Amino acid sequence: MENKNRFTSWFLMIALLFSCFLNAQEFDILIKNGHVIDAKNGIDKVIDVAIKDGKIAQVETAIPASKASKVIDAKGLFVSPGLLDIHSHNFFGTEPNAYLSNSFTALPPDGFSFRSGVTTIVDVGGAGWRNFRTFKENVIDRSKTRVLSFLNIIGSGMKGGAIEQNIADMDPKLTAMVAKQFPEHIVGVKLAHFSGFDWTPTERAVEAGKLADIPIMVDFGGSEPELSLQTLFMEKLRPGDIFTHAYAHVNGRTPIVNEQGKVEDFAWAAQKRGIIFDVGHGGGSFLFEQVVPAMKQGFKPNSISTDLHTGSMNGGMKDIINVMSKFLNLNMPLNEVLAATTWNSAKIIKREDLGHLSVGAVADITILNQRAGDFGFIDTKGKRMKGNKKLECELTIRDGKVVYDLNGLASESWDK
């Protein structure tokens with residue numbers, strides 16, 4: 001009987017000690033020794049980041065490893081808020097001849113986000129007010145990636161061809177109505193691919209943006225004769241509206257770098273006015289002959305994005321990390337590159353709950369490795385630029401959970 005009581009006492013003591021140990025784990029995950037770059041909070045140094053219950057719990061120097069259930073050693077790596085890609089195409093489906101709206105050309109978010117460090121992706125224009133609910137039910141609600149939307153001013157979405165020329169289906173009131181019904185998911189209005197010499201589509205998109213108090217994104221061009229880019233910037237768009245494909249040179253649109261290799265004066269004036277210049281690399285909208293002289297003159301993008309779809313992912317674009325690496329090699333400092341894919345992008349889409357590592361913010365985190373070597377980068381004309389720096393996504397955390405881990409930073413050795 002005495003032995004039994006002694007055993008019970010030992011068992012209770014061990015259980016108590018184990019309980020105390022568990023309670024001592026203040027944090028679920030602790031990222032130690034990483035170089036944190038957080039534009040909102042002005043952090044650009046080696047510092048630790050702790051996560052609890054899906055939120056940022058602490059950002060301090062030398063947080064004890066004993067306080068966390070899982071410790072990730074990020075020594076030599078860069079720790080950033082989860083990346084935001086504000087120009088993508090993710091309304092994938094099986095509808096034939098529908099281009100980027102419930103179609104084969106768009107991509108499922110989770111297959112292309114986390115491995116690139118993206119925790120928030122914005123589909124721009126795939127859905128219009130007529131089919132947004134299908135997009136929400138089939139994509140937004142079923143994705144681990146946070147998926148947001150710029151609602152197409154065309155009610156039936158980005159189905160290509162003649163459908164996108166239908167001014168009669170550009171209804172500002174109904175577009176704004178649906179945007180206001182889903183403010184958690186719809187963050188803007190998109191106008192794209194209109195090819196007529198007519199300001200009506202732009203004006204209707206802006207009207208929808210005003211009614212819903214959200215920005216618009218314009219994929220501009222295709223008109224013959226060309227519509228004035230200066231008029232677009234200085235008269236039609238509002239400060240905070242977005243000009244995507246900033247470094248393109250396509251038929252029907254004036255490039256921002258002229259034949260003399262100079263950035264147009266009206267482009268500088270527009271950026272100063274508050275027009276957002278977004279990269280939107282894509283499969284045909286990023287030329288070194290535009291971006292190299294622009295960057296040398298200091299004309300930098302406000303946001304770096306991909307224009308991700310089945311064409312661009314296998315061309316010169318590849319993924320957001322590759323696009324960011326191009327700007328690194330064009331002498332854009334890493335802290336500015338990360339700002340253009342985190343905090344700046346969050347502000348542009350009016351989602352200031354994202355893109356930073358403030359205590360209490362959602363724990364969306366990207367850990368990056370900056371590699372040195374001999375690399376090549378391709379533009380949408382098939383031209384190559386050499387570079388000696390390249391970013392690589394090591395690990396992605398979404399909502400406090402590890403969702404991608406390239407080299408097992410968050411895993412224990414198999415033989416322990």
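In this text the structure is predicted, and so the values were computed from the model without any measurement.

Visitor: Explanation requested: the overall build of the chain in the structure shown.
Guide: Each helix and strand counted, the chain has ten helices and 17 strands in total. Projected onto its principal axes, the C-alpha coordinates of the chain cover approximately 100 × 45 × 35 Å. When the 416 residues of the chain are sorted by exposure, 55% land in the buried category. A sequence separation of at least 24 residues applies to 74% of the contacts in the chain between residues at least 6 apart. Here the chain has roughly 18100 Å² of accessible surface; of this, 51% comes from carbon and sulfur atoms. Where the 46 positive side-chain charges of the chain centre and where its 47 negative ones centre are 2 Å apart.

Visitor: What should I look at first to understand unusual backbone geometry in this one?
Guide: Leaving glycine aside, a negative phi is the common case for residues, and trans is the common case for peptide bonds. Cis geometry is found at the peptide bond from glutamate 224 to proline 225, where omega equals 5 degrees. Take proline 225: it is sitting in the loop between β12 (216–219) and α5 (229–236). Unusually for a residue other than glycine, alanine 62 sits at a positive phi of about 55 degrees. Within the secondary structure, alanine 62 is located in the loop between β5 (55–60) and β6 (68–73). A relative accessible area of 57% places alanine 62 in the exposed class. At lysine 318, a residue that is not glycine, the phi angle is positive and equals roughly 70 degrees. Mapped onto the elements, lysine 318 comes out in the loop between α7 (288–296) and α8 (320–328).

Visitor: Could you clarify how one ought to interpret the side chain of histidine 245 in this entry?
Guide: If you trace the backbone, histidine 245 turns up in the loop between β13 (242–243) and α6 (265–273). On the basis of relative accessibility, which here comes to 5%, the residue histidine 245 falls in the buried class. Residues in contact with histidine 245, not counting those within four places in the same chain, are His87, Asp219, Arg253, Asp278, Val279, Gly280, Ser285 and Asp307.

Visitor: Just to check I follow, could you spell out the sheet that holds strand β10 (residues 146–152) for this structure?
Guide: Backbone-to-backbone hydrogen bonds join strands into a sheet, with any given pair of strands oriented parallel or antiparallel. Pairing is parallel in the open sheet, where seven strands are placed in the order β8-β9-β10-β11-β12-β13-β14. Sheet topology places β8 (83–88) and β14 (276–277) at the edges, where each strand pairs with a single neighbour. With respect to the sheet, α8 is in contact with β8 and β9 (118–128), its orientation differing from that of β8 by roughly 100 degrees.

Visitor: Whenever I open this one, the pattern of salt bridges confuses me. Can you help?
Guide: Side chains carrying opposite charge are able to pair once their charged atoms draw close together. As enumerated under the stated definition, the model contains 15 salt bridges in all. Of the charged contacts in the structure, one is a salt bridge between arginine 398 and aspartate 364, with a shortest N-O distance of 3.6 Å. With arginine 398 in strand β16 (residues 384–398) and aspartate 364 in the loop between α10 (343–348) and β15 (365–378), the pair connects residues that are 34 residues apart, well separated along the chain. Judged by relative accessible area, which is 5%, aspartate 364 ranks as buried. Residues joined in a network through salt bridges with shared partners are Arg146, Asp364 and Arg398.

Visitor: Please explain the side chain of glutamine 290 as it appears in this structure.
Guide: Along the chain, glutamine 290 falls in helix α7. Polar contacts involving the side chain of glutamine 290 include one to the main-chain carbonyl oxygen of valine 257, which spans 3.0 Å. For glutamine 290, the contacting residues outside a window of four places in its chain are Tyr247, Ala248, His249, Pro255, Ile256 and Val257.

Visitor: It is not clear to me how the nonpolar core should be interpreted in this structure. Could you clarify?
Guide: If you look at soluble globular proteins, the nonpolar side chains tend to sit buried side by side. Ranked by size, the top nonpolar core spans 81 residues in total, and within it Phe233, Tyr247, Phe277, Met324 and Phe327 carry the most contacts. Counting residues in each nonpolar core, the second largest holds 21 residues, with Ile43, Leu77, Ile397 and Ala410 among its members.

Visitor: Looking at this structure, how should I read the sheet that holds β16?
Guide: A sheet is described by the order of its strands in space; here six strands give the open sequence β3-β2-β7-β15-β16-β17, paired in mixed fashion. The open sheet has two edge strands, β3 (43–46) and β17 (401–405), and neither has a second partner. Each adjacent strand pair in this sheet contributes to an overall mean axis angle of 30 degrees, direction not counted. Helix-sheet contacts for α8 involve β15 and β16, and the interaxial angle to β16 is about 135 degrees.

Visitor: What is the right way to read the packing of aromatic side chains from this model?
Guide: Given two aromatic rings, one states the distance between the centres and the angle between the planes to describe the pair. Scanning the model with the defined rule gives 14 aromatic pairs in all. For the pair phenylalanine 91 and phenylalanine 135, a centre-to-centre distance of 5.0 Å together with 50 degrees between the ring planes defines the contact as tilted. With a gap of 44 residues between them, phenylalanine 91 in the loop between β8 and β9 and phenylalanine 135 in helix α2 (residues 132–138) connect regions that are remote in the sequence. For the pair phenylalanine 91 and phenylalanine 135, one class covers both residues: buried. Between phenylalanine 286 and phenylalanine 288 the ring centres are 5.9 Å apart and the planes differ by 80 degrees, which places this aromatic pair in the edge-to-face class. The buried category is assigned to phenylalanine 286, whose relative accessible area is 0%. The class for phenylalanine 288 is buried, based on a relative accessible area of 8%. Counting every residue linked through ring pairs, the aromatic cluster contains Phe233, Phe243, Phe266, Trp268, Phe277 and Phe299.

Quick notes on the rules
Residues numbered from 1 in each chain as written. Predicted model: local features only at pLDDT ≥ 70, side-chain atom pairs only at ≥ 80, totals over all residues. Heavy atoms only, no water. Helix = DSSP H or I, 4+ residues; strand = E, 2+ residues; numbered from the N terminus. Buried < 20%, exposed > 50% of the residue type's maximum accessible area, 1.4 Å probe, protein only. Contact = heavy atoms within 4.5 Å. Areas by Shrake-Rupley, 256 points an atom, 1.4 Å probe, with all protein chains shown as cover. Lys, Arg positive; Asp, Glu negative; His and termini not counted. Charge placed at Lys NZ, Arg CZ, Asp CG, Glu CD. Pairing = 2+ DSSP bridges. Axes fitted to C-alpha atoms, helices over the stretch in contact; angles between N-to-C directions. Salt bridge = Lys/Arg side-chain N within 4 Å of Asp/Glu carboxyl O. Polar contact = N/O pair within 3.5 Å; in protein donor to acceptor, adjacent residues only side chain to side chain. Core = buried A, V, L, I, M, F, W, Y, C linked by side-chain atoms within 4.5 Å. Phe/Tyr/Trp six-rings, centres within 6.5 Å; stacked < 30°, edge-to-face > 60°.

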